[in-house]
Amino acid sequence: MDIDRNIEGKGVPGLSPQATNGKRSPATENGRTRVAKSGTRRRRTTAQSMAAQQRNISVSEFFAKNRHLLGFDNPRKALLTTVKEAVDNSLDACEEAGIVPEIWVRIECAKGNRYSVAIQDNGPGIVKRQVPLIFGKLLYGSKFHRLRMSRGQQGIGISAAGMYGKLTTGKPVKITTKISVRKPAHYYEVEIDTKHNVPEIHNGRGEGVDIPPGEKGRAYMQRHGIEWVSHYAAAEGQTPKELRSGTRVTIELEGKFLRGRGSVDEYLQQTAIANPHVTLHYVDPEGQERTYERSTTELPVEPKEIKPHPYGVELGHLVTMLKDSKAVTLSQFMTSAFSRVSAAVARRICEAANLSTRASTRKIGRDEADALYQAIQQTRISNPATDCISPIGEDLLLKGLHHVVPGEFYAAATRPPAVYRGNPFQIEVALAYGGGNSVEKLTYEVLIELLGHSDARTLRQFLVNTFDGIGSDSADRIIKSSGFGSRQSPARMGPADIKSLLDAMQNVTLSEKQSMQIMRYANRVPLQFQAAGCAITQGVINTNWRSYGLSQSRGGMPAGPVTVMVHMASVWVPFTSESKEAVAAYPEIEKELRLALQAVGRKLGMYLRRRKRVKQEGERRSIFLRYLGEVATAVTEINGGDRQGLYEQLLKVAKRKTAEADTNLDSRGRAIVESDEDYGRNVLVVEQRPEDLLVGLAKTDDEQKQLF
Amino acid sequence: MAKKTARRKVSKTEEKNGKLSAKDRKTLKSIGGLAEGVNKAAFRGRDPHLEIPSRSLSNVRYNKTKRFIEMGRGKNRRELFNLSQAKSYMQTVLVGNGCRQLINAGKTTSIRGLYYLLKHTIEGTREETFDEQKDCDPIIEDVEVMLSALREELHLYAKNAGAMVGPITLVDSGDEIDCSRMGSGGYSIPSIAEPEVVQFKRHTAKFVLHVEKDTVWRRFNEDKFWQEHDCILTHGGGQPPRGVRRLLHRLHHELKLPVYCLLDNDPWGYYIYSVIKQGSINLAYESKRMAIPAARYMGMRSKDYERCGLSSSVTIGLNDNDVKRAKQIAGYPWFANKKAWQKEIDLMLQNGFKLEVEALINKGISYVTQEYVPARLDDRDFLD
Ligand SMILES: Nc1ncnc2c1ncn2[C@@H]1O[C@H](COP(=O)(O)OP(=O)(O)O)[C@@H](O)[C@H]1O
Ligand SMILES: [Mg+2]
C-alpha cells in the first residue's frame, strides 16, 4: 500500500506537472508519472481497493515508515514541523476567511525532553463536527485536492503532528475553537486511534465540551486549565478588544529545542518577513517573549484554482487525459481540459498536428497524440492565468524585510509570472544591506548597553545571539583572544574586561568575512533545510555579485552584510525530494531567479557606488573645510582684511571645486549624472546620519549642511 | 579663541611702533604679498595656490664658475583645494603669519618656538595645525625660499651649536668679546652670525682650523694650538649649523683667512666637507652666503693608517651603508673630476675601514696637535 502515492495523486488530479524534465527525475516525479500513465480507470480502482485496504494498515506503522518524509525524523525537526503545520494552517485559515491574522505561539518545556506546543489564531474557527476529523484522522485535509497555490502543499497535516505527539508522549491533542463571539466555543481532547485512523475523543464523554461565551466561559476555562487568549493586546489606556473567533491547538511531544539554523526561531522570523500582514507573538521555552508586528493589514490576493496549461503536459499524460475526457471532439477536449486554449488556439494546434478539430477524442491513437503533443510545443499559447499566484509584491517585501531585518538599504523585485512545465510561478527577491549590530560600528558604550540587556548565561552565547555574523567559531576565537575563560559570564565584567572584549571583537571579526544570508521561501513558507541542493541557493551563487560591489570567491557565497530573501510562488512548487525543502532546477525557474537576483543586485551596486562616493565627497569636503577657517584667519591677520568675507569666498570656491571633482566620468570621459530616480521603484534607503560619513567633524556639521 | 585674540593683540601693538628696520619692512612686504595672493584668488573665484621653489635634488645644480650648489628655477605648486596639499597650504600661510608677528614684535624665536606659537587645535576638529616640530621645519624652509627671505630675516634662529676660540676680537649684540680669553668652553657661535649681530673688530689669525667635533676641538684648545699657530679654531658639532657656516664664510671672505678642515675619514666627514665647501642641497638657496669653495680638506686621510702607522684596533669597519654613501659622494659633480678625491675615496673603500680623528690619540695624547696637523701645514698637504 502506498499512501504517499495516493496523496500525490490527490494533489494533482489528472496532471503531472513535474513529469521528467530530463535533467532530474526525483522520486516524486517518477511516482507520479507512473500514476498518470496507468490511466484514470485503473487509478480509480486503485483508489477503491486502497480504501478497502486502509482499514487494515496501522497508521502508526505508516507513520514510523515515513517520518522522514513527514518532517519528524528527529526530535528537533519534530518540534519545528509541529509548529509549522499549525502556523501554516492558521495563516491559511485566516487568509481564506479574510481575517488579518494574529498568531500566538508558545512553547513550554514540560518535563525532560517533552515540550508542549500551543498555537492560537484569530481565524474563523472550526465547526464542531469537523474538529475530531481534522485533528484525529491522518490525511484528512482540504489542500491536497486542488491545484492552487497554498502553504498546505508542504505539510502532511496537523493530525500527523498530533499523531507524533501521541506516539511519543501518549498525550491527546487539545483543541479550543470558536467561530463567533456569541456562540459557545468547543473544547476537545482528541487522539488518533492508530489502528483504524479514526479520532478518539477523550473529554465530554466522547463528545467534547461546549464552553459558553462571556464571563461564564472564562471561569470554566480557568477552572479546567484550558488556555485561551481572549483579547488582543491593547495600547496603554485602551480597552483590549476581544477575539471574535479563533482556534488554539496544543500538542505535547518529545522534541528538542535549539536555536540557530533550522530552528523554530528562524522559522517564525522568516515567516513574519514573508507574511507582513501577520502579527506573531512568540514565547520560547526560556520564557523569552517576542512579537513580530504586522507592517500591513492588506491580505494577500486570494489565489485561484486553475486547469493545467498545455505546455506542462507530458505525452503520456496527454494520452491519459484524452482517454479520460468526456469531451467528444478534439477541439472540445482542448478547450475544456486546458487553460488558455480557446477554440482558435485549439484549431491552430490541430492544424499543426494535421488533425481535424472535430476528430473524436476516443479515436486518437498513440501517433496522433504524439503529433498533437508536438503541435502543442510549436504553437504559441499564451501563458496560463497567473491570478492563481499571489506574490508578496515588491512593496510588502520591502516592508516585511525592513520590519524584521535591520539595514540601511533594501531592494525588491517581483518578476512577472512565468511558466515551467505549464505551471505558473513567480519569483520574487528582496535584499537588505547593512545594519544589524555590526561589530565594525560597535562602540564601548553600545557594548555596555548590549551586555546589560543580555540575559545570555555565557559570553559565547551573548556574542552569538547578539551579533550578526558572529558564529560559534568566531565567538570562541574572540573569547580566546581576549583571554576570558570559556564560561565567562557576560554579567560580571568590569570596564577593563569590556574594553578588551571590544578590542578582541574588532580584531577578530574584521579579518573574517560575513557571508550573505539567504532566506528561501516556497509559497511564503520558509525552506530551512537542504540549502545546497536548492535552485535558489545555486541561483545566488551563480550570480556575479562582484559587479554589484560585494566580494565573492569563485563559485562561492558572496560576502557582506547582506540578507537576500527569495520567494518562489507557484500552484505547484517543484521540490527536489519528498522532504520538500529544496526547489528543483528547471531552466525557466533558473532564468527567473537569475533575472530577479540581477535586478536587486543592480540596485545594490548602484547604492554601494553612491554610498562610497558620498563618503569620499564628505571626506574631501571636510578636509577642505577644516583648513579654510585657519587660512582665512591667517591671511586676514596679515593683510588686515575681513575674515568672514574671505572665509565665505573660499567656501564658494571649495564648493565649486568639489562639485567638479565629484562628477563621475564614464569610460569615454563623459559625465555620468546619477539621480535618485535611477534606483527605480521598490528601493528603500534608510537615512544614514551624515555625521556617520564625515570624519572627525563635530561642530562644523551645520555649516556643511548649509553649504553643500 | 583666547589664542586668536592674543595673536591679534600682538599685531595691533606693533603697527604703532615704527621701529622696523628696512630689512624687516621688506620681509613684511613679501609676507603681505603672500596673503594678497590668497585674497585675490579667492575673490576671483580661483583656486588659491602658492609657488614654492623646489628644494629637491632635481632642482639644484652645481655652478662650475661659482663653484657651489645653486638652486634651479623649478617650482612646486601648492594648492589649497588639493586633498594632499590642503594641510601644508594652511601651514604655509600660518608660518607666514607667525613670522609677521615676530617681526612686528621685534622679537626672534627658535624654530621650535615658532612651532609652539602656531600649534593649536583646528576649530571644530580634533586635529592639530602641526603634530610635531618636524611637520613645521620644512614649512619654514618653504617660506624662506618662497619669500627669498633668510631665516634670520624671518626672525627665526636655530639653537647654538659650535664654538670658536682664537686671536680675534668681535662684537656680538654690542658686547665686545675677546676670543683669546674664552677659557675651556670657547665662544659659542650664535645661530645668527649676520653682520647686524656679529662684527669683527681685530685679529692676528693666519688661518681657520675647523674641526668636526667638540671632543677634538677641546684637545686643540687645551694644547693652545691656536696660540702657537695663530689660527682661529672652530667646530660645528658634526654637520655645522647655519650660524657656524655663516661665520666661517665671513671669516674667509671678510678677513681673507684660509679655512682648513679636520674631519673624520669616513663618508660623513667627506659630506661635511662637501657642505662647507659647496653648500647643501637643502639650503642651496643660501649657498652664496655660506659656501666656501676655497676651503681645504686636511684630514683624516685614507693613507693615514699607513702614513701614521696606526694600529688596526683603532679602525672601524665600513658597513654597507657607508660604502653606498661613499660611492654617492664620489659621484658628486664637484668631486667627480678631482682625481685626488677619487683616489681618496677609492682607498677608503679598499681599506674597508674608517678612521676617526680621535684615533690618533693611539699615537700619543697630543699627537694630533703636535705632529699630525703641523706636518700637514708644513707640507701643505691638503685635498681641494
Ligand atoms: N487553525 C485552523 N483554523 C481553521 N481551520 C483549520 C485550522 N487548522 C486546520 N484547519 C482545517 O483543517 C484542514 C486540515 O488541515 P491539515 O490536516 O493541516 O491539512 P491541510 O492543511 O494540508 O489541508 C485544513 O484544510 C483546514 O480546512
Ligand atoms: Mg495543514
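Cut-offs and rules
Residues numbered from 1 in each chain as written. Chains lettered and ligands numbered in written order. Predicted model: local features only at pLDDT ≥ 70, side-chain atom pairs only at ≥ 80, totals over all residues. Heavy atoms only, no water. Helix = DSSP H or I, 4+ residues; strand = E, 2+ residues; numbered from the N terminus. Contact = heavy atoms within 4.5 Å. Areas by Shrake-Rupley, 256 points an atom, 1.4 Å probe, with all protein chains shown as cover. Core = buried A, V, L, I, M, F, W, Y, C linked by side-chain atoms within 4.5 Å. Buried < 20%, exposed > 50% of the residue type's maximum accessible area, 1.4 Å probe, protein only. Pairing = 2+ DSSP bridges. Axes fitted to C-alpha atoms, helices over the stretch in contact; angles between N-to-C directions. Parallel < 35°, antiparallel > 145°, perpendicular 65-115°, else oblique. Left-handed = near helix turned anticlockwise from the far one by under 90°. Buried area = accessible area lost by both parts, 1.4 Å probe. Salt bridge = Lys/Arg side-chain N within 4 Å of Asp/Glu carboxyl O. Polar contact = N/O pair within 3.5 Å; in protein donor to acceptor, adjacent residues only side chain to side chain. Nonpolar A, V, L, I, M, F, W, Y, C, P; charged D, E, K, R; others polar. 1 Å grid on protein atoms, 1.4 Å probe; cavity = no way out; pocket = protein on both sides within 12 Å on 5 of 7 lines; lining within 4 Å. Points joined across faces, edges and corners; volume = space filled by probe spheres on them. Phe/Tyr/Trp six-rings, centres within 6.5 Å; stacked < 30°, edge-to-face > 60°. pLDDT = per-residue confidence, 0-100. Patch = residues over 30% accessible without salt bridge, like charges linked within 9 Å, V, L, I, M, F, W, Y side chains within 5 Å. Lys, Arg positive; Asp, Glu negative; His and termini not counted. Charge placed at Lys NZ, Arg CZ, Asp CG, Glu CD. Arc of directions from axis to C-beta.

### Things to note about the overall build of chain B
Reasoning step 1: Assigned secondary structure in chain B consists of 15 helices and 17 strands.
Reasoning step 2: Counting contacts in chain B only where the partners sit at least 6 residues apart, residues at least 24 apart contribute 73% of the total.
Reasoning step 3: Roughly 17200 Å² of accessible area belongs to chain B as shown, and the carbon and sulfur atoms make up 50% of that amount.

### Things to note about the overall build of chain A
Reasoning step 1: Within chain A one finds 23 helices and 20 strands.
Reasoning step 2: By sequence separation, contacts in chain A at least 24 residues apart represent 71% of the contacts at least 6 residues apart.
Reasoning step 3: Total accessible area on chain A is roughly 32600 Å²; 48% of this is exposed by carbon and sulfur atoms.

### A few points about the nonpolar core
Reasoning step 1: Core analysis: the biggest nonpolar cluster contains 100 residues, and L628 of chain A together with V95, M164 and L251 of chain B have the highest contact counts within it.
Reasoning step 2: One finds L79, I103, I107 and M519 of chain A within the second-largest nonpolar core, a separate group that totals 59 residues.

### Here we look at the sheet that holds strand β13 (residues 231-235) of chain B
All names here are of chain B.
Reasoning step 1: Reading across from one edge, β10-β7-β13-β12-β14-β15 is the order of the six strands in this open sheet, with mixed pairing throughout. A strand with exactly one partner marks an edge of an open sheet, and here the two such strands are β10 (187-188) and β15 (296-299).
Reasoning step 2: Inspection of the sheet shows strand β7 (residues 163-165) paired to β10 by two bridges, in the antiparallel sense. Across the sheet, residue M164 finds its bridge partner in β10, namely Y187.
Reasoning step 3: This element, helix α9 (residues 267-278), spans β12 (207-211), β14 (259-262) and β15 of the sheet and lies at about 155 degrees to β15.
Reasoning step 4: Sheet strands touched by helix α15 (residues 367-379): β12, β14 and β15. Its angle to β15, the strand with the most contacts, is close to 140 degrees.

### Topic: the packing of helix α11 (residues 330-337) of chain A against helix α12 (residues 343-353) of chain A
All names here are of chain A.
Reasoning step 1: Two elements in contact, α11 and α12, have axes separated by 9 Å at closest approach and are oriented at 125 degrees. By the angle between their directions, the pair α11 and α12 is classed as oblique. In the crossing of α11 with α12, the sense of the turn from one axis to the other is right-handed. The segment α11 lies against α12, with L330, S331, M334 and T335 engaging A343, A346, I349 and C350.

### Comments concerning the interface of chain A and chain B
Reasoning step 1: Chain A puts 26 residues into the contact, and the matching count from chain B is 38 residues.
Reasoning step 2: Note on chain A versus chain B: buried area summed over both sides is about 2800 Å², and carbon and sulfur give 68% of it.
Reasoning step 3: Three residues stand out in chain A for area buried against chain B, namely Y627, E637 and I638 of chain A, and they jointly supply 25% of the buried area on that side.
Reasoning step 4: The interface formed by chain A and chain B includes one salt bridge.
Reasoning step 5: For R100 of chain B, the salt bridge is made with E637 of chain A, and the minimal N-O distance between the two is 3.9 Å.
Reasoning step 6: Counting every contact that joins chain A to chain B gives four residue pairs in polar contact (both at pLDDT 80 or more).
Reasoning step 7: For the side of chain A that touches chain B, the secondary-structure elements that each account for two or more residues are α20 (587-639) and α21 (643-662) of chain A.
Reasoning step 8: Tallied by class, the residues present in the side of chain A that touches chain B amount to 14 nonpolar, five polar and seven charged.

### Details of empty space enclosed by the protein
Residue and element names in this part refer to chain A.
Reasoning step 1: Evaluation of the coordinates by the stated rule reveals eight cavities of 30 Å³ or more.
Reasoning step 2: As a volume, the second largest cavity reaches approximately 100 Å³.
Reasoning step 3: Along the walls of the second largest cavity sit 13 residues, with K178, R218, M221, W228 and E242 positioned nearest its centre.
Reasoning step 4: In terms of residue count, the dominant contributor to the lining of the second largest cavity is helix α8 (residues 214-224) (four residues).

### Thoughts on the pairing of strand β9 (residues 175-178) of chain B
Residue and element names in this part refer to chain B.
Reasoning step 1: Where strand β8 (residues 168-172) lies against β9, four bridges are found, and the strand directions are antiparallel. Bridge pairing in β9 links D172 to D175.
Reasoning step 2: Hairpin connection of β8 to β9: two residues between the antiparallel strands, including S173 at a positive phi of 50 degrees.

### Considering the packing of aromatic side chains
Describing an aromatic ring pair means giving the distance of the ring centres and the angle of the ring planes.
Reasoning step 1: For the structure on display, the rule yields 23 aromatic pairs over all chains.
Reasoning step 2: Centre to centre, the rings of Y420 of chain A and F425 of chain A are 5.7 Å apart; their planes meet at 65 degrees, and the pair counts as edge-to-face.
Reasoning step 3: The exposure class of Y420 of chain A is buried, given its relative accessible area of 0%.
Reasoning step 4: Residue classification places F425 of chain A among the buried positions, given a relative accessible area of 0%.
Reasoning step 5: Taking 5.9 Å as the distance between ring centres and 80 degrees as the angle between the ring planes, the aromatic pair formed by W545 of chain A and Y548 of chain A counts as edge-to-face. Judged on exposure class, the residue W545 of chain A and its partner Y548 of chain A are both buried.
Reasoning step 6: Taken together through their ring pairs, the aromatic side chains of Y62, Y270, Y273, Y297, Y332, W334, F335 and W341 of chain B make up a single cluster.

### Re the confidence of the model for chain A
Residues and elements named next belong to chain A.
Reasoning step 1: Here chain A averages 80 in pLDDT, and 80% of its residues register 70 or above.
Reasoning step 2: Across chain A, the element-wise mean pLDDT spans from 31 in helix α23 (residues 701-707) up to 97 in strand β2 (residues 114-121).
Reasoning step 3: Under a pLDDT of 50 for its full length, residues 1-45 has, in the predicted model, 89 contacts with residues more than four places off or in other chains.
Reasoning step 4: Here residues 665-677 scores under 50 on pLDDT; set against residues more than four positions off or in separate chains, the count is 15 contacts.

### A short note on a positive patch on the surface
Residues and elements named next belong to chain A.
Reasoning step 1: Where like charges cluster on the molecular surface, the positive patch consists of R182, K183, K241 and R244.
Reasoning step 2: Tracing the chain through its elements places K241 in the loop between α8 and β7 (246-254).
Reasoning step 3: Judged by relative accessible area, K241 falls into the exposed class, the value being 60%.

### With respect to helix α12 (residues 320-330) of chain B
Residues and elements named next belong to chain B.
Reasoning step 1: Listed in full, the buried residues belonging to α12 are D322, A326, I329 and A330. All buried residues of α12 fall inside an arc of 100 degrees around its axis, so they share one side. Structural note: α12 exposes D320, K324 and K327 on the side pointing more than 90 degrees away from its buried face.
Reasoning step 2: Contacts from the buried residues of α12 go to α9, β16 (316-317), α13 (333-336), α14 (339-351) and β17 (353-354).

### A look at the sheet that holds strand β11 (residues 198-203) of chain B
Residue and element names in this part refer to chain B.
Reasoning step 1: Pairing is antiparallel across the open sheet formed by three strands, whose spatial order is β9-β8-β11. The open sheet is flanked by β9 and β11, the only strands paired with a single partner. The mean inter-strand angle of the sheet, taken between neighbouring strand axes irrespective of direction, is 25 degrees.
Reasoning step 2: Packed onto the sheet, helix α8 (residues 242-254) meets β8 and β11 and runs at close to 45 degrees relative to β11.

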